[in-house]
Amino acid sequence: MENRYQRVLLTLLCCATLSVQAQEDAAQSPLEVVRPQVERRDVRPAAIDRQDFEVGTFAGLLSIADFDADLVYGLRGAWHVTEDFFLEASYGLSQGDQTSFEKLSGGAPLFEDADRDYTYYDLGVGWNVLPGEIFLFGSRALKSDLYLLLGAGSTDFLDDNWFTVNAGAGYRLLLNDWLAWRLDVRDHIFDRDTFGEDETTHNIEVSMGLTVFF
Amino acid sequence: MLSAPPILWVLAGALLLAALAAPGAALADAGVARARVVDAYIEMRTQPGRGYPVFYVAERGEEIELLRQRTSWIQVRNRRGIQGWVHEDDIARTVDASGEPLALATASFEAYTQRNWEFGLLLGDYGDTDTLGGYLGWHFTRNLSVEVAAMENFGDTSDGRMLTGSIVHQLYPRARYSPFFTVGWGVRETNPRSTLVSTEDRTDNVASVGAGLRIHLYERLFLRLQYKHYAVMTDRDDDEEVDEWKIGISAFY
């Protein structure tokens, strides 16, 4: 019993001293005359319009091995990762005409028309190896790039998909800050076994296009 | 000659129209970021590239507008209307209107370790066949990311397409050579070649485990080497097990 009284008294004593201490603290703290208004600085990345992507269309001629040279057209997009390198994807459509044999023999065609559709996509890396400037009428300077391309993709032709390696070069001329004119020459190389044995075919494409930077 | 599908011509036309209609000047005025030079000077080049000539230097105290950015170069304009391209490292040393250093995310190794998105092209060997494709990854912590990959492979007897999702764990996100482990799942479509006796196309589920290495090259570019082991869950008695080795070039955003 005595023990309990002691405990209660001690607790009360503790509380009393603590509250006195708290009052003293409050009295010592200086009066708040001016409430400091520190605005939190909002750290945001500067709003600069980034233009690293380039998309556009192209059209040209594709010389398909054993077939004619035919119209090719498609879409092309690039991501300019650094000033030197860009990642690029293309999708193109064309059609193989009759082979020389089919024309000369005059017999039944070897392939159905639907199988002659030539569609491809390729993914690759471009290297702006020769950046330059073109001077127009002495007063305007346009940026130009001569680039090399290396990539791989898939060609759907004669009812099969073929693993295709792409190599080429191109020229890009920026007509203003965001519109570019492109000239591309590329070789689509793939092994084809349509005529029995495996043969490596080179399918050369020459195309022009317009692209927009955004 | 084939008749071009109208959709392409429409696209090309729309592109040209958009190009001609979008006024370049309108872009410049709406909420342009501004900066003030605090270095002794910064060099302005005629075009975005380190090889282009410096034609003007903006001096300390000069105010510049930041018009647009292409790769590591920022097009700026001063009060006298002189326009040129400045490297982002130089812009990062300027200050904003309140005198604080301009907050600018430059393509540094630091930014690489803090990346949120990455994208890459992959090329390699899937069970002794050529394979290629692309992937997109999103980092939700510094160590963990989710990835979606679309791959195509080309064999002598069949070719196939695969769409997979994976979780990727990198052990040391701040390392230049950063190893990672991955588990994934997805679907695979296999098409036998037309030169063979026709068999049905088939679609199977796949699961994969793998490991690899990311190597930061410079600025936004890095290399990616990876190995994956796939289990293709076919309808037949045995599942197919396939090894895949790939090398890729990736970039982050």
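Residues numbered from 1 in each chain as written. Chains lettered and ligands numbered in written order. Predicted model: local features only at pLDDT ≥ 70, side-chain atom pairs only at ≥ 80, totals over all residues. Heavy atoms only, no water.

A. Structural view of the overall build of chain B. On a plain count of helices and strands, chain B comes out with four helices and 14 strands. Expressed as a percentage of its 253 residues, the buried residues of chain B come to 46%. Sequence-distant contacts in chain B: of pairs separated by 6 or more residues, those separated by 24 or more amount to 49%. (Helix = DSSP H or I, 4+ residues; strand = E, 2+ residues; numbered from the N terminus. Buried < 20%, exposed > 50% of the residue type's maximum accessible area, 1.4 Å probe, protein only. Contact = heavy atoms within 4.5 Å.)

B. Here's a closer look at the pairing of strand S10 (residues 158–170) of chain B. Residues and elements named next belong to chain B. Pairing of strand S9 (residues 144–154) with S10, which is carried by 11 bridges, proceeds in the antiparallel orientation. Residue pairing in the sheet places serine 145 in a bridge with valine 168 of S10. Taking the residues that link successive antiparallel strands as the turn, the S9-S10 hairpin has three residues. As paired elements, S10 and strand S11 (residues 177–192) share 13 bridges and run antiparallel to each other. (Pairing = 2+ DSSP bridges.)

C. Here's a closer look at the interface of chain A and chain B. Contact residues are listed per partner, giving 59 residues for chain A and 60 residues for chain B. Taking both sides of the interface into account, the surface hidden between chain A and chain B amounts to around 5100 Å²; carbon and sulfur atoms contribute 61%. For the pair chain A and chain B, the interface holds three salt bridges. Among the salt bridges present, the one from arginine 50 of chain B reaches aspartate 84 of chain A, with a minimum N-O distance of 2.9 Å. Summed over the shared surface of chain A and chain B, the number is 19 residue pairs in polar contact (both at pLDDT 80 or more). Contributions of two or more residues to the side of chain A that touches chain B are made by strand S1 (49–50), strand S2 (53–63), strand S3 (69–80), strand S4 (85–95), strand S5 (117–136), strand S6 (140–157), strand S7 (160–174) and strand S9 (199–213) of chain A. Residue classes in the side of chain A that touches chain B are distributed as 31 nonpolar, 14 polar and 14 charged. (Buried area = accessible area lost by both parts, 1.4 Å probe. Salt bridge = Lys/Arg side-chain N within 4 Å of Asp/Glu carboxyl O. Polar contact = N/O pair within 3.5 Å; in protein donor to acceptor, adjacent residues only side chain to side chain. Nonpolar A, V, L, I, M, F, W, Y, C, P; charged D, E, K, R; others polar.)

D. Main features of the sheet that holds S2 of chain A. All names here are of chain A. Within the closed barrel, the eight strands sit side by side as S2-S3-S4-S5-S6-S7-S8-S9. Their pairing is antiparallel. For this sheet, the mean inter-axis angle between neighbouring strands, taken without regard to orientation, is 25°. Here S6 pairs with S7 via 14 bridges, running antiparallel. Paired with leucine 149 across the bridge in S7 is glycine 168. (Axes fitted to C-alpha atoms, helices over the stretch in contact; angles between N-to-C directions.)

E. Just unusual backbone geometry, in detail. Residue and element names in this part refer to chain A. Phi is positive for aspartate 66, which is not a glycine, with a value near 70°. In this structure, leucine 158 takes a positive phi of about 55° despite not being glycine. When you line up the elements, leucine 158 lands in the loop between S6 and S7.

F. The pairing of S9 of chain A, seen in detail. Residue and element names in this part refer to chain A. Of the pairings in the sheet, the one linking S2 to S9 comprises 10 bridges and is antiparallel in character. Residue valine 55 lies in a different strand from S9, and its bridge partner there is valine 212. Two strands pair when backbone bridges link them, and strand S8 (residues 179–192) and S9 are joined in this way by 14 bridges, in the antiparallel orientation. Each bridged residue has a counterpart across the sheet, and for aspartate 191 the counterpart in S9 is threonine 200. Hairpin geometry of S8 and S9 is characterised by an intervening segment of six residues between the two adjacent antiparallel strands and by a positive phi of about 105° at glycine 196.

G. Spotlight on the pattern of salt bridges. For the coordinates displayed, the defined rule picks out 36 salt bridges over all chains. Arginine 45 of chain B serves as the salt-bridge partner of glutamate 43 of chain B, at 3.5 Å between the closest nitrogen and oxygen. Among the residues examined, glutamate 43 of chain B registers a relative accessible area of 29% and is labelled partly exposed. A salt bridge links lysine 246 of chain B to glutamate 244 of chain B, with the shortest nitrogen-to-oxygen separation between them at 3.0 Å. Side by side, lysine 246 of chain B and glutamate 244 of chain B carry an identical accessibility label, which is buried. Here the residues in one salt-bridge network are Glu54, Arg76, Glu88, Asp122, Lys143, Asp145, Arg172, Arg182, Asp184, Arg186 and Glu205 of chain A, joined through shared partners.

H. Geometry of a nonpolar patch on the surface. All names here are of chain B. A contiguous nonpolar surface patch, about 1000 Å² in accessible area, is contributed by Trp117, Phe119, Leu136, Trp138, Phe140, Val146, Ile167, Val183, Trp185, Val209 and Tyr253. For the nonpolar patch, the secondary-structure elements that each account for two or more residues are strand S7 (117–126), strand S8 (129–139) and S11. Here tryptophan 138 is to be found in strand S8. Here tryptophan 138 falls in the partly exposed class, since its relative accessible area comes to 38%. (Patch = residues over 30% accessible without salt bridge, like charges linked within 9 Å, V, L, I, M, F, W, Y side chains within 5 Å. Areas by Shrake-Rupley, 256 points an atom, 1.4 Å probe, with all protein chains shown as cover.)

I. Inspection of the sheet that holds strand S14 (residues 240–252) of chain B at higher detail. Residues and elements named next belong to chain B. Within the closed barrel, the eight strands sit side by side as S7-S8-S9-S10-S11-S12-S13-S14. Their pairing is antiparallel. Pairwise comparison of adjacent strand axes, ignoring direction, gives a mean angle of 25° for this sheet. As paired elements, S7 and S14 share nine bridges and run antiparallel to each other. In the sheet register, phenylalanine 119 faces S14, and the bridge partner there is alanine 251.

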